[in-house]
Amino acid sequence: MLFLLAVGFNLFVFFFRSVLISLDVPYASIFVQPVLLSLLAGLICSGWFVEKRQNLIPQADLISSKFLAFAIVLLGSQLSWSDLTLLSPKVILALIICILIVSTTTLYFGRILGIKQSLTVWVLVGNCICGPTAISFASRIFKGENPDLAKSIWMNTFIGIIFMIALPVVGAIFNCNPQEFGLWAGASLQSTAQVVTSASIYSADSADLALILKSIRIVLLVPLIMFLRFLLISSNTVNVTVQSSSNIHRWKTLYPPFLFGFLALAITYNCFDLVIIYFREIAWLAPFILSTKLFFGQVSSILLSVAMFGIGFLCSFEFTKSDLKLFLLSAGSSLLLVISSFLFLTMS
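As a starting point, this report considers the structure included with it. All chains use their own residue numbering, which begins from 1 and follows the written sequence. Per-residue local features are limited, in this predicted model, to residues with pLDDT of at least 70; the limit for side-chain atom pairs, both in listing and counting, is 80 or more; totals at the level of whole chains, interfaces and linings are taken over all residues. Hydrogens and water molecules were not included; the side-chain quantities draw on all heavy atoms of the structure.

Any carboxyl oxygen of Asp or Glu within 4 Å of a side-chain nitrogen of Lys or Arg constitutes a salt bridge here. Scanning all chains against the criterion turns up three salt bridges. Its salt-bridge partner being Lys116, residue Glu145 comes within 3.6 Å of it at the nearest N-O pair. Of the two residues, Glu145 sits in the loop between helix 6 (117–141) and helix 7 (146–173) while Lys116 sits in the loop between helix 5 (89–112) and helix 6, which places them 29 residues apart along the sequence. The exposure class of Glu145 is partly exposed, given its relative accessible area of 47%. Accessibility here uses a 1.4 Å probe with only protein chains present; expressed as a share of the type maximum, an area under 20% marks a residue as buried, one over 50% as exposed, and anything in between as partly exposed. The exposure class of Lys116 is partly exposed, given its relative accessible area of 41%. A salt bridge links Asp323 to Lys151, with the nearest nitrogen and oxygen atoms 3.0 Å apart. Residue Asp323 is located in helix 15 (residues 321–345), and its partner Lys151 is located in helix 7; the two are separated by 172 residues in the primary sequence. Overall, the relative accessible area of 8% leaves Asp323 in the buried class. Each of Lys116, Glu145 and Asp148 takes part in salt bridges that share partners, so that together they form one network. Only DSSP runs of H or I with at least four residues qualify as helices, and only runs of E with at least two residues qualify as strands; both kinds are numbered from the N terminus onward.

Next comes the structure, spelled out in structure tokens:
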């Protein structure tokens, strides 16, 4: 029952959102967020089905884990390493430096504030890469509790919307040209919708460049996750529970199977791109490959949103004083990315 409810609700939300976008309803892609709406719907259903909640928990757990894993695997089809060639090495290096500054600073202050390590990692990955999608990806590597995952996602989205509105105003104050603002928005805002909207508000010429830089940040998702995992394991600040008698269990803990699926799909699609570029005889395959890529991207978004329904159902969403620390860390981390990317990308 819960499975059908989660899938049906999300299909309706995605259909409703697509209708609004097709009708050119202003900012529909920003304020109709399937991930957040699904989280909220799951939370509401948890309150409705109080008497049956215990019986439905296994279903919710299955939805949240399996759907999220499949969503992440399909996300691999959206990575395009050729995007790295669209900008100068100087810009890409500046972006990497900004991400490293934000990552190390957020880890430091997360420890000072006494925030759980998994939460700190979710916050910085969400800010540095691509919002809720990156947070969901990181949650499969750095394990934590579902209520914390839900809070980190809504905080990330809320803060991202604030900066989405604020950046064009600040850009106008500092008299940024369209290219400078495109680089700034693409390097600092969380979700793709926020990047495109903010850049479009500032100038029609900013959106394309912002989207390219945003795509490069998405390509950096796995390298950043692996860097953080290596960094934290090397410093003995992350606990990896493994059974010494089982090498298979140890490898699954360090490198979850979905990660290999994600990388396999990413490599496959990028190999297709290279083959089509260098072998013109099979260029007729390009439209088919592009259509499957778009299809997998849409399915991945729906699966991610369905998984959020399960996570919302499993949550008991209560705010505590420690959540204020989390909000300050998330806001501070995002602000640091905004400032550092402005300094490195628009003033260099």
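After that view of the structure, there is still more to cover.
Attention now goes to the state of the cysteines. We call a pair of cysteine sulfur atoms a disulfide whenever their separation is within 2.5 Å. In the structure shown here, the tally under the stated rule is zero disulfides. The thiol of Cys176 is not disulfide-bonded; the next cysteine sulfur, from Cys98, is found 14 Å away. Cys176 sits in the buried class, given a relative accessible area of 7%.

Attention shifts here to the side chain of Lys214. Inspection of the secondary structure puts Lys214 in helix 10 (residues 207–219). Contact definition: two residues touch when any of their heavy atoms are within 4.5 Å. Contacts of Lys214, omitting those with residues within four sequence positions, involve Ile129, Cys130, Gly186, Leu189, Gln190, Ser191, Thr192 and Val195.

What follows covers the nonpolar core. Val125, Ile129, Phe137, Leu213 and Met308 are the most contacted members of the largest nonpolar core, which has 83 residues in total. In terms of residue count, helix 6 provides more of this core than any other element does, 14 residues in total. Leave out the neighbours within four places in its chain, and Leu213 touches Leu87, Val91, Leu95, Leu183, Gly186, Ala187 and Leu345. We call a set of buried residues a nonpolar core when its members are Ala, Val, Leu, Ile, Met, Phe, Trp, Tyr or Cys and they connect through side-chain atoms within 4.5 Å of each other.

The next point concerns the packing of helix 6 against helix 13 (residues 257–278). Note on geometry: axes are C-alpha line fits, over the in-contact stretch for helices, and angles between N-to-C directions span 0 to 180 degrees. For the pair helix 6 and helix 13, the least separation of the axes is 9 Å and the interaxial angle reads 135 degrees. Considered as vectors, helix 6 and helix 13 are oriented oblique to each other. Along the contact surface, helix 6 presents Phe137, Arg140 and Ile141, while helix 13 presents Phe258, Leu259 and Phe262. Classification used: nonpolar for Ala, Val, Leu, Ile, Met, Phe, Trp, Tyr, Cys and Pro, charged for Asp, Glu, Lys and Arg, polar for all others including Gly. When its residues are assigned to classes, the contact of helix 6 with helix 13 shows five nonpolar, no polar and one charged. Throughout this description, any angle smaller than 35 degrees is read as roughly parallel, any larger than 145 degrees as roughly antiparallel, any in the 65 to 115 degree range as roughly perpendicular, and the remainder as oblique.

A separate point is the packing of helix 8 (residues 178–188) against helix 15. For the pair helix 8 and helix 15, interaxial distance at closest approach is 9 Å and the crossing angle is 145 degrees. Note on packing geometry: the crossing formed by helix 8 with helix 15 is right-handed. Along its contact with helix 8, which presents Leu183, Trp184, Ala187 and Ser188, the element helix 15 presents Leu337, Val338, Ser341, Phe342 and Leu345. Looking at the contact of helix 8 with helix 15 residue by residue, the class counts come to seven nonpolar, two polar and no charged. Each crossing is labelled by how the near helix is turned from the far one, with a counterclockwise turn of less than a right angle marking it left-handed and a clockwise turn marking it right-handed.

We now examine the packing of aromatic side chains. Classification of ring pairs uses Phe, Tyr and Trp, with its six-membered ring standing for Trp, and accepts pairs whose centres are within 6.5 Å; under 30 degrees between planes counts as stacked, over 60 as edge-to-face, and the remaining range as tilted. Tallied over the full model, the rule gives 14 aromatic pairs. Taking 6.1 Å as the distance between ring centres and 90 degrees as the angle between the ring planes, the aromatic pair formed by Tyr269 and Phe272 counts as edge-to-face. Linking Tyr269 with Phe272, this pair stays in helix 13, spanning three residues, or about one helical turn. According to the relative accessible area criterion, Phe272 is partly exposed, its value standing at 38%. Among the aromatic side chains, those forming a connected cluster through ring pairs are Phe174, Phe181, Trp184, Tyr202 and Phe342. Above the plane of the ring of Phe142 lies Arg229, whose end atom (NZ or CZ) is 6.0 Å from the centre. We call a charge positioned above a ring when the Lys NZ or Arg CZ atom is no farther than 6 Å from the ring centre and deviates by at most 35 degrees from the ring normal.

The values are spatial; any link to function lies outside them.
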